[in-house]
Amino acid sequence: MKAVITELPDVGITVISRWVFNCYVIHDGGDGRALVVDPGMRSTARLAASMVTDRPCVAVATHGHVDHVGGMPTMRASGADVVLPTRIRDYVAGETPRSPGLREVASIAPVLRDQPVSIPALVDVARSGRECGYDGRGVRFPGGADHWIGDGDEVPGAPAWQVIQTPGHTDDSTALWNPSAGVLLSGDAVLSVGGRAWFTPELVDADLAAATEQRLRPMPVRYLLPGHGRAVVGADVMTHARSPQDRPRRR
Ligand SMILES: [Zn+2]
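Just so it is clear, the model here is predicted, and its values are computed rather than measured.

1. Observations regarding the coordination of the zinc ion
Reasoning step 1: Only His63 (NE2), His65 (ND1), His169 (NE2) and Asp188 (OD) from the protein coordinate the zinc ion, and they sit 2.1 to 2.5 Å from it.
Reasoning step 2: Given four donor atoms and angles of 86 to 173° at the metal, the environment of the zinc ion is assigned as irregular.
Reasoning step 3: When the donors of the zinc ion are listed by position in the chain, the intervening gaps give H-x1-H-x103-H-x18-D.
Reasoning step 4: You can call histidine 63 buried: its relative accessible area is 0%.
Reasoning step 5: Judged by its relative accessible area of 9%, histidine 65 falls in the buried class.

2. What to know about the nonpolar core
Reasoning step 1: Counting 24 residues, the largest nonpolar core has Val36, Cys57, Val69, Met72, Met75, Leu84 and Phe141 as its most contacted members.
Reasoning step 2: When contributions to this core are tallied by element, the ones reaching two or more residues are strand S3 (21-26), helix H1 (42-51), helix H3 (72-77), strand S6 (81-85) and helix H4 (87-92).
Reasoning step 3: Looking at this core, the element that brings in the most residues is H1, giving three residues.
Reasoning step 4: Membership of the second largest hydrophobic core comes to 21 residues, among which are Leu8, Tyr24, Trp161 and Leu176.

3. Details of the sheet that holds strand S16 (residues 223-226)
Reasoning step 1: Strand order in the open sheet formed by six strands is S10-S11-S12-S13-S16-S17, and the pairing between neighbours is mixed. Only two strands of the sheet have a single neighbouring strand rather than two, namely strand S10 (154-155) and strand S17 (232-233).
Reasoning step 2: Both S10 and strand S11 (residues 158-165) contribute to a ladder of two bridges, which runs antiparallel. Bridge pairing in S11 links valine 155 to alanine 158.

4. A few points about the sheet that holds strand S9 (residues 147-149)
Reasoning step 1: The seven strands are arranged S1-S2-S3-S4-S5-S6-S9 in an open sheet whose pairing can be described as mixed. The open sheet has two edge strands with one neighbour each: strand S1 (4-8) and S9. The sheet shows a mean angle of 20° between the axes of neighbouring strands, direction not considered.
Reasoning step 2: For strand S4 (residues 35-37) and strand S5 (residues 58-60), the ladder comprises three bridges, and the chain directions are parallel. If you follow valine 36 over to S5, its bridge partner there is alanine 59.
Reasoning step 3: Seen against the sheet, H1 touches S1, strand S2 (13-18), S3 and S4 and runs at an angle of roughly 160° to S2.

5. Some thoughts on the pattern of salt bridges
Side chains that differ in sign of charge can pair as their charged atoms come close.
Reasoning step 1: Here the structure, examined in full by the defined rule, presents 14 salt bridges.
Reasoning step 2: Of the charged contacts in the structure, one is a salt bridge between arginine 87 and glutamate 95, with a shortest N-O distance of 2.8 Å.
Reasoning step 3: Its salt-bridge partner being aspartate 171, residue arginine 98 comes within 2.8 Å of it at the nearest N-O pair. With arginine 98 in the loop between H4 and helix H5 (102-106) and aspartate 171 in the loop between S11 and strand S12 (174-178), this residue pair connects regions lying 73 residues apart in the sequence.
Reasoning step 4: Beyond isolated ion pairs, a larger network of salt bridges with shared partners links Arg87, Asp90 and Glu95.

Reading the values: the criteria
- Residues numbered from 1 in each chain as written.
- Predicted model: local features only at pLDDT ≥ 70, side-chain atom pairs only at ≥ 80, totals over all residues.
- Heavy atoms only, no water.
- Donors = N, O, S within 2.8 Å, 3.2 Å for Na, K, Ca; no water.
- Tetrahedral: all angles 85-135°; square planar, octahedral: opposite > 155°, others 65-115°.
- Buried < 20%, exposed > 50% of the residue type's maximum accessible area, 1.4 Å probe, protein only.
- Core = buried A, V, L, I, M, F, W, Y, C linked by side-chain atoms within 4.5 Å.
- Helix = DSSP H or I, 4+ residues; strand = E, 2+ residues; numbered from the N terminus.
- Pairing = 2+ DSSP bridges.
- Axes fitted to C-alpha atoms, helices over the stretch in contact; angles between N-to-C directions.
- Contact = heavy atoms within 4.5 Å.
- Salt bridge = Lys/Arg side-chain N within 4 Å of Asp/Glu carboxyl O.

Put into structure tokens, the structure is as follows:
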């Protein structure tokens, strides 16, 4: 299955999806440069890079899992500035990252079932992830980052976007917020199922996740663009969001 391209013209964002894997192209990050968020595999990274040829773009990951950064070397090769959450620096220095186990991964099955499965996408994630990302086999970030981002920072080269640390799914989990447009790129902190946001139950730390939920819930989000699942648009996106323990029923 080829990538599914969805345009969000009101906010100038293109969504490149393969199965549940989303890569976002923000055509103007606030000073004319494009911002590519979560180039998770080589194919989506190539597509994203081809959409932003006029000026070198900024490529940023919401966390270091292979399905969010596997295409980062492709972005770097295209001339992009690579921007990563600061916690990844500790992982590169030798700290072992915490990742959800199989039981936790299984808990997001409703998200995985919400869109038609693509085995080629899985294969592409696995292949791309050998080059960049962390998983059970280790930590691989060749070349590190051009910039490291932490809570309260502006995204370098994309001043319309603020960094919010959102630990819980992992310790490096990060969301990007555009207050003037009401757009939240939530990474894996908030997913979506059946048109409704869902604070992920796929966690390494329930206490940190609860604090993240408390912080994100009151935000005036009009566009929730999750790491996995379709975009959720509307005035009450966060009020209607499910909590981790509130599991969608099987349809
Ligand atoms: Zn993840």
